[in-house]
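# Secondary and tertiary structure notes
Residues per chain, in single letters:
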Amino acid sequence: MIPQKVKVGKQVDLVTSINKYIVANYDADCYSSDVESFLSEVQQNRNVISHIFDLKTVDTLKANKEIMIHYANQLAQLRNKMTFGKGADNVTIEFKWTDIFKDGNWTSYSIQFEYYSVLFNLAMVYYLLGIETTKDQLDDVTLKEGIKFYQYAAGIFNLIKEEIPSNINPQDRPIDLDPSFMSYCVHICTALAQILLIKVAESKKTGNNLQAQLAKAVENSFRTASSMLENASFKRYIDDTWKLLVSNRANYYQAKAYAKMRDFALDEFKKTGKDFLKNIQKYWLCILIIICGSLILSLLLL
């Protein structure tokens, strides 16, 4: 329900451009072996995460996830200490990343574009980990790990949605970083996490009322996502099969919610009926004791 793709970045020389900026703006004493080592690591991390070809192997996805997190943190440090863009007073690097919806590269001199492109890929890796870890095994440990991955993906997609409007202008960002698509991804990942919660609830045989509430939450998430496929700015890139799949998921979990609510109502009725019969039995016993006592007393008085 989300394209299982990641953005691909064109190789760039970070070290040379950043070194030029340091020489032009800082004292020579500022450049040390620690700075050189830091920049070398930044370049190495960027080279690794700009081309991720294996999107199915869990161990590979986890390894790439760690490198992405490290590189995103490094970018956050760099953007707080240097200005990026065109011109002699900036770190001038031409960042290029693909758009998962369109052919070709999207180019920008903004480190914000680089940062959010990496965050997008990180969210996609978490999403793919959620899929791959729960594909074969469905024990509680695996289900909970899958829930965690989907929740992390939703959190990062939401972070991009909230931050990108104030950091990158609409005309300067690709379709796959559009806030409306990020919002769609949040709803899908949330729904998938809730589906795994339902499976955990079923395995633990929790009450039908809780399962009904979870199923209703899943329906709402899919229903919102389905509506976005019809109205959001990225809708022209989505085919009808995709739209039908999301809509059918919403209908399925609506039916599941109703079924669980029905089962809950039946359980409550059975429970109430049993309690009523128990009370009737108690009352009849009391009445019988009173009648017997009255008969015995009448006989004694005679």
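Just so we're clear, the structure is a prediction, and the values are computed from it rather than from any experiment. (Residues numbered from 1 in each chain as written. Predicted model: local features only at pLDDT ≥ 70, side-chain atom pairs only at ≥ 80, totals over all residues. Heavy atoms only, no water.)

### Thoughts on the overall build of the chain
Operational definition: Helix and strand definitions here come from DSSP, where helices need a minimum of 4 consecutive H or I residues and strands a minimum of 2 consecutive E residues; each element is numbered from the N-terminal end. Between buried and exposed lies partly exposed: a residue is buried under 20% and exposed over 50% of the maximum accessible area for its type, with that area taken using a 1.4 Å probe on protein chains only. We call two residues in contact whenever any of their non-hydrogen atoms come within 4.5 Å of each other. Areas reported as accessible are Shrake-Rupley estimates using a 1.4 Å probe. Residue values count occlusion only from the protein chains shown.
On a plain count of helices and strands, the chain comes out with eight helices and two strands. When the helices and strands of the chain are placed in sequence order, the string is α-α-α-β-β-α-α-α-α-α. Relative to its full complement of 302 residues, the chain shows a buried share of 43%. Counting only contacts in the chain whose residues sit at least 6 apart along the sequence, the fraction spanning at least 24 positions is 73%. In the form shown here, the chain has an accessible surface area of approximately 16400 Å², with 56% of it arising from carbon and sulfur atoms.

### Regarding the packing of aromatic side chains
Ring pairs (aromatic) are described by centroid distance and by the angle formed between their planes. Quick note on the threshold: For Phe, Tyr and Trp, where Trp contributes only its six-membered ring, two rings pair if their centres lie within 6.5 Å, and the inter-plane angle classes them as stacked under 30 degrees, edge-to-face over 60, or tilted in between. In this scheme, the term charge over a ring applies when either NZ of a lysine or CZ of an arginine sits within 6 Å of the ring centre and within 35 degrees of the ring normal.
This model, assessed by the stated rule, comprises 13 aromatic pairs. Taking the centre distance of 5.2 Å and the plane angle of 70° together, the rings of Tyr115 and Tyr116 count as edge-to-face. Like Tyr116, Tyr115 is buried. A cation over a ring is seen here: Arg79 above Tyr115, with NZ or CZ 4.0 Å from the ring centre.

### Let's talk about the pattern of salt bridges
We apply this condition: Salt bridges are defined by distance alone: a side-chain nitrogen of Lys or Arg within 4 Å of a carboxyl oxygen of Asp or Glu.
Throughout the structure, instances matching the rule amount to twelve salt bridges. Residues joined in a network through salt bridges with shared partners are Lys56, Glu132 and Lys135.

### Topic: the side chain of Asp176
Let me state the cut-off plainly: N or O atoms closer than or at 3.5 Å make up a polar contact, with two conditions inside protein: a donor-capable atom paired with an acceptor-capable one, and, for residues adjacent in sequence, both atoms drawn from side chains.
Within the secondary structure layout, Asp176 lies in the loop between helix H5 (140-167) and helix H6 (179-203). Within the structure, Asp176 has its side chain in polar contact with the backbone nitrogen of Ile100 (distance 2.9 Å). When residues no more than four places from it in sequence are discounted, the contact partners of Asp176 are Lys7, Thr98, Asp99, Ile100, Phe101, Phe120, Phe181 and Met182.

### Digging into the nonpolar core
Applicable threshold: Think of a nonpolar core as a cluster: buried Ala, Val, Leu, Ile, Met, Phe, Trp, Tyr and Cys residues, connected wherever their side-chain atoms sit within 4.5 Å.
Of all hydrophobic cores here, the largest spans 87 residues; its most connected members are Ile2, Tyr127, Phe157, Phe181, Tyr184 and Phe222. Per element, the largest residue contribution to this core is 16 residues, and it comes from helix H4 (residues 111-133). Not counting the four nearest positions on each side in its chain, Phe157 is found in contact with Ile2, Phe120, Ala123, Met124, Met182, Cys185, Val186 and Cys189.

### A few points about the packing of H4 against H5
Between two packed helices, the angle of one axis relative to the other and the distance separating the axes together describe the packing. Keep this limit in mind: Between N-to-C directions, angles cover 0 to 180 degrees, with each direction set by a line fitted to C-alpha atoms, over the stretch in contact for helices. Reported orientations rely on four angle classes, namely roughly parallel under 35 degrees, roughly antiparallel over 145, roughly perpendicular from 65 to 115, and oblique for the rest. Should the near helix be turned anticlockwise from the far one by less than a right angle, the crossing is termed left-handed; should it be turned clockwise, right-handed. Here the nonpolar group is Ala, Val, Leu, Ile, Met, Phe, Trp, Tyr, Cys and Pro; Asp, Glu, Lys and Arg are the charged ones; every other residue, Gly included, is treated as polar.
For the pair H4 and H5, interaxial distance at closest approach is 8 Å and the crossing angle is 160°. For the element pair H4 / H5, the angle class is roughly antiparallel. Two packed elements cross with a definite hand, and for H4 against H5 that hand is left-handed. Tallied by class, the residues present in the contact of H4 with H5 amount to 19 nonpolar, six polar and two charged.

### Things to note about the packing of H6 against helix H7 (residues 208-231)
Packing of H6 against H7 leaves a shortest axis separation of 9 Å and a crossing angle of 160°. One way to sum up the angle between H6 and H7 is to call them roughly antiparallel. The element H6 and its partner H7 pack so that their crossing is left-handed. Within the contact of H6 with H7, the residues separate by chemical class into 15 nonpolar, eight polar and one charged.

### What about helix H3 (residues 58-81)?
Quick note on the threshold: The length a helix should cover is 1.5 Å for every residue beyond the first.
The end-to-end C-alpha distance of H3, which contains 24 residues, comes to 35 Å, matching closely the 34 Å that a straight helix rising 1.5 Å per residue would cover. Buried residues of H3: Leu61, Asn64, Lys65, Met68, Tyr71, Ala72, Gln74, Leu75, Ala76 and Leu78, and no others. Against the buried residues of H3 lie helix H1 (14-25), helix H2 (33-49) and H4.

### Some details on the confidence of the model for the chain
Basically, it comes down to this: The predictor attaches a confidence to each residue, called pLDDT, with possible values from 0 through 100.
Per-residue confidence for the chain gives a mean pLDDT of 88, with 87% of residues at or over 70. H4 holds the highest mean pLDDT among the elements of the chain, 97, whereas helix H8 (residues 240-301) holds the lowest, 73.

### So, H2
The periodicity of an α-helix, 3.6 residues per turn, causes residues three or four places apart in sequence to face the same way. For H2, spanning 17 residues, the distance from its first C-alpha to its last is 24 Å, which sits close to the expected 24 Å at 1.5 Å a residue. Buried positions along H2 lie against H1, H3, strand E1 (95-99) and H4.

### Re the pairing of strand E2 (residues 102-108)
So the rule is basically this: Only when DSSP finds a minimum of two bridges between them are two strands counted as paired.
Judged from the five bridges that link them, E1 and E2 form a sheet pairing that is antiparallel. Counted as the bridge partner of Thr98 is Asn105 from E2. The antiparallel pairing of E1 with E2 creates a hairpin that spans two residues between the two strands.

### What to know about unusual backbone geometry
Within the chain, Lys205 stands out as a residue other than glycine whose phi angle is a positive 55°. Residue position: Lys205 is located in the loop between H6 and H7. Of the residues examined, Lys205 reaches a relative accessible area of 72% and is grouped as exposed.

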